[in-house]
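Structural characterization, general
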Amino acid sequence: MSSTTTVSSPVEAVRLADPYPYYARLVAERSFAYDEALGAWVAADAAAVRAVLGSGALRVRPVAEPVPAGIAGTAAGEVFGELVRMTDGAAAARLKGVVAGALARADTAYAASLAARFAREALSAGGEVPYEELMFAVPARVVAALSGLTEGAGREAARAIGDFVQCIPATATPEQQRAAATAAARLRELLGPALTAASAVHTAGGAQGLLRELVTAAERDGWARLGPLLSNAIGFLSQTYDATAGLIGNTLVALARGAEGSDTGALVREVVRHDAPIQNTRRFAAEAFAHAGSTVEPGQQILVLLAAANRDPAVNPDPHALTPGRVNPAVFTFGAAAHRCPGGELATALADAVVTELRAAGLGTTATPAYRPLANARIPLL
Ligand code: HEM
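Here's a quick rundown of the structure. (Residues numbered from 1 in each chain as written. Predicted model: local features only at pLDDT ≥ 70, side-chain atom pairs only at ≥ 80, totals over all residues.)

Comments concerning the overall build of the chain
Quick note on the threshold: Runs of H or I in DSSP of at least four residues are treated as helices and runs of E of at least two as strands, each being numbered from the N terminus. In this treatment the radius of gyration is a C-alpha quantity, and the globule benchmark scales as 2.2 Å times the residue count to the 0.38 power. Partly exposed residues are those falling between the two cut-offs: more than 12 but fewer than 20 other C-beta atoms within 10 Å of their own, whereas 20 or more means buried and 12 or fewer means exposed, with C-beta atoms placed from the backbone.
Summing up its helical and strand segments, the chain has 13 helices and nine strands in all. Compactness check: the chain gives a C-alpha radius of gyration of 20 Å against a globular reference of 21 Å for 382 residues, within 12% of the reference. Its C-alpha atoms put the chain at 60 × 50 × 40 Å along the principal axes. Within the span of the chain, comprising 382 residues, buried residues form 49% of the whole.

So this is what it looks like as structure tokens:
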């Protein structure tokens, strides 16, 4: 598929060579409108995206199906149903505070040094550049290590999380759902003892780490149940996986397209806005929601085009220019309001470290890759 292909759906745009002229047309002409073919509303400009993400009338899951039917009753369904990402309401908001509190204290400098080491090791094998491993496994292994897993267990967790994330899109097949259930059960076995150890160590005042921070944040809040903490520890891995892979890949593509002179950290942060690894998210109306003269009825769905809003000229001057070091950009890639991503700093540090190692090794990629056939993550096939 090339950039000149006529786009028939904003979901298809995610994997085009250049979806941005299409998004720009939506921002200019259909900033908040119902898409018949998609059967959903589409929020494209910054004002609509902000309003949708900030509304209490809209939920992250359909009211009638909090957990996808194909994984309900499995370990994958249990984990999914406890993720702060996939739930709303008072308990979810409280747990979100705990999760965000833990991530805010994550040691990003240590995470970056681990990512650099894992990347160097992957590159030292020689032969074909192991892009898959650098984009997906390295960030997941770092988060596993921050969670207290040994290197062997971290490698296994990185493989299992690849299976788990397959159950998240609405298009998941029964086979993918079965594999996700097996993976979720294994991830609980791997991370459960680390979480229990973190809570025991805490009372004795010992080791550091992400799970230790999770337990400490939970205790500060008076949150006692370990089950939801374990699910969200698995969530750290699943939220890292595709999104950070996309950020690494899209930064490499930006370099190949002419950004070679840029500082890596500044480039990664601008790629977050300019070529968002997560291009869209969804909301489901629990109550009526009105915006710009239109009303979304309860039960209807909204596709939220984060990647389009990032390039809305109303919030970012010269929005289509890739400008590393851009001052105070409006960025929607990490969402906004109640469900805003608490992992942005960590993701940016991991991507910076991996891309820095590739640049130091003199390795680059093509400027015109194909993209994985995904509905919301933009990840080049390198
Ligand atoms: C480039 C990498 C990343 C991108 C683009 C990204 C993007 C997002 C977005 C858009 C959301 C909100 C979804 C919505 O409101 O519908 C989100 C939520 C979340 N992200 Fe990230 N993320 C990234 C990396 C990470 C990492 C590394 C972690 C943690 C290790 C993380 C943890 C989370 C969590 C826990 C949530 C759920 C927050 C909530 O629902 O309240 N993310 N992310």
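What follows continues from the structure just given.
Here we look at helix H13 (residues 344-360)
We apply this condition: To estimate the expected span of a helix, count its residues, drop one, and scale the result by 1.5 Å. C-beta atoms are first placed from the backbone for all residues, and any pair lying within 7 Å is then listed as a contact.
An ideal rise of 1.5 Å per residue puts 24 Å on 17 residues; H13 measures up with 24 Å between its terminal C-alpha atoms. Taken across its 17 residues, H13 has twelve buried, putting it largely inside the fold. Residues Leu346, Ala347, Thr348, Ala349, Leu350, Ala351, Asp352, Ala353, Val354, Val355, Glu357 and Leu358 constitute the buried set of H13. Tucked into the core, H13 has its buried residues touching helix H4 (90-104), helix H5 (108-124), helix H6 (131-146), helix H10 (226-259) and helix H11 (264-274).

Re unusual backbone geometry
If you check the backbone angles, Asp318 has positive phi at about 45 degrees while not being a glycine. Looking at the secondary structure, you find Asp318 in the loop between helix H12 (306-309) and H13. Given 9 C-beta atoms within 10 Å, Asp318 falls into the exposed group. The backbone of Asn328 sits at a positive phi, close to 50 degrees, despite the residue not being glycine.

Observations concerning the environment of Phe332
With respect to the helices and strands, Phe332 occurs in the loop between H12 and H13. Owing to 27 C-beta atoms within 10 Å, Phe332 belongs among the buried residues under this scheme. Taking the C-alpha atoms as reference, Phe332 lies 7.1 Å from Ala307; in sequence the two are 25 residues apart. Apart from the residues within four sequence positions on either side, Phe332 is in contact with Val49, Leu306, Ala309 and Asn310.

Some thoughts on the site of the ligand
Where we set the bar: To decide nearness, the C-beta atom of each residue is placed from the backbone, and the residue is near a molecule or strand if that atom lies within 6 Å of it. Gly falls in the polar group here, along with every residue not listed as nonpolar (Ala, Val, Leu, Ile, Met, Phe, Trp, Tyr, Cys, Pro) or charged (Asp, Glu, Lys, Arg).
Residues in contact with the ligand amount to 26 residues; listed here are only the nearest, Ala243, Gly335, His339, Cys341 and Gly343. Those elements that place two or more of their residues in the shell around the ligand are H4, H10 and H13. Element by element, the count of residues in the shell around the ligand is highest for H10, at seven residues. A per-class count over the shell around the ligand returns 15 nonpolar, nine polar and two charged.

Some thoughts on the pairing of strand E7 (residues 301-304)
Convention followed: Here, any two strands with at least 2 DSSP bridges between them count as paired.
Pairing analysis gives three bridges linking strand E2 (residues 40-43) to E7, with the strands arranged parallel. Bridging from a neighbouring strand, Trp41 pairs with Ile302 of E7.

A closer look at the sheet that holds strand E4 (residues 281-285)
The five strands lie next to each other as E1-E2-E7-E4-E3, forming an open sheet whose pairing is mixed. The open sheet has two edge strands, strand E1 (32-35) and strand E3 (58-59), and neither has a second partner. Strand direction decides the pairing type here: E1 and E2, joined by four bridges, are antiparallel. By the bridge assignment for E2, Asp35 is matched with Ala40.

Points about the environment of Asp35
Position of Asp35 among the secondary structure elements: in strand E1. The sequence separation of Asp35 and Ile302 amounts to 267 residues, and the corresponding C-alpha distance is 9.6 Å. Once residues within four sequence positions are removed from consideration, Asp35 is found in contact with Ala40 and Val42.

Things to note about helix H1 (residues 20-29)
Structurally, the α-helix is built with 3.6 residues per turn, so residues lying three or four positions apart point the same way. Selection criterion: The arc in question is traced by the directions running from the helix axis to the C-beta atoms.
Listed as buried for H1 are Tyr22, Tyr23, Leu26 and Val27. The arc that holds the buried residues of H1, viewed along the axis, is 140 degrees, so those residues lie on one side. Along H1, the residues that are exposed and aim more than 90 degrees away from the buried face are Ala28 and Glu29.

Regarding the nonpolar core
Applied cut-off: What makes a nonpolar core is a set of buried Ala, Val, Leu, Ile, Met, Phe, Trp, Tyr and Cys residues, with links drawn between C-beta atoms within 7 Å.
Residues Ala43, Val49, Ala115, Leu305, Leu350 and Val354 are the most contacted members of the largest nonpolar core, which totals 126 residues. Ranked by the residues each element gives to this core, the list is headed by H10, at 15 residues. Beyond its immediate sequence surroundings of up to four residues, Leu350 is in contact with Ala111, Ala112, Ala115, Pro139, Val142 and Thr244.

Brief notes about the packing of H5 against H13
What counts here: Whenever a helix is involved, its axis is fitted only over the stretch in contact; in every case the axis is a line through C-alpha atoms, and angles between N-to-C directions fall within 0 to 180 degrees. For any helix crossing, the convention is left-handed if the near helix is rotated counterclockwise from the far helix by under a right angle, and right-handed if that rotation is clockwise.
Where H5 meets H13, the axes come as close as 8 Å, and the angle between the chain directions of the two elements is 35 degrees. Read as a crossing pair, H5 and H13 show a hand that is right-handed. Contacts from Thr108, Ala111, Ala112, Ala115, Ala116, Ala119, Arg120 and Leu123 of H5 reach H13 at Glu345, Leu346, Ala349, Leu350, Asp352, Ala353, Val354, Thr356 and Glu357. A class-by-class count of the residues in the contact of H5 with H13 yields eleven nonpolar, two polar and four charged.

Regarding the packing of H6 against H10
When two helices pack together, their arrangement is captured by the angle between the axes and the distance separating the axes. The following threshold applies: Angles are sorted into four bins: roughly parallel if under 35 degrees, roughly antiparallel if over 145, roughly perpendicular if 65 to 115, and oblique for all others.
Two numbers describe how H6 lies on H10: the axes approach to 8 Å, and their chain directions differ by 140 degrees. Relative to H10, H6 is oriented oblique. Two packed elements cross with a definite hand, and for H6 against H10 that hand is right-handed. Of the residues in H10, those in contact with Leu134, Met135, Phe136, Pro139, Ala140, Val143 and Ala144 of H6 are Phe236, Leu237, Thr240, Tyr241, Thr244, Ala245, Ile248 and Gly249. Looking at the contact of H6 with H10, its residues break down into twelve nonpolar, three polar and no charged.

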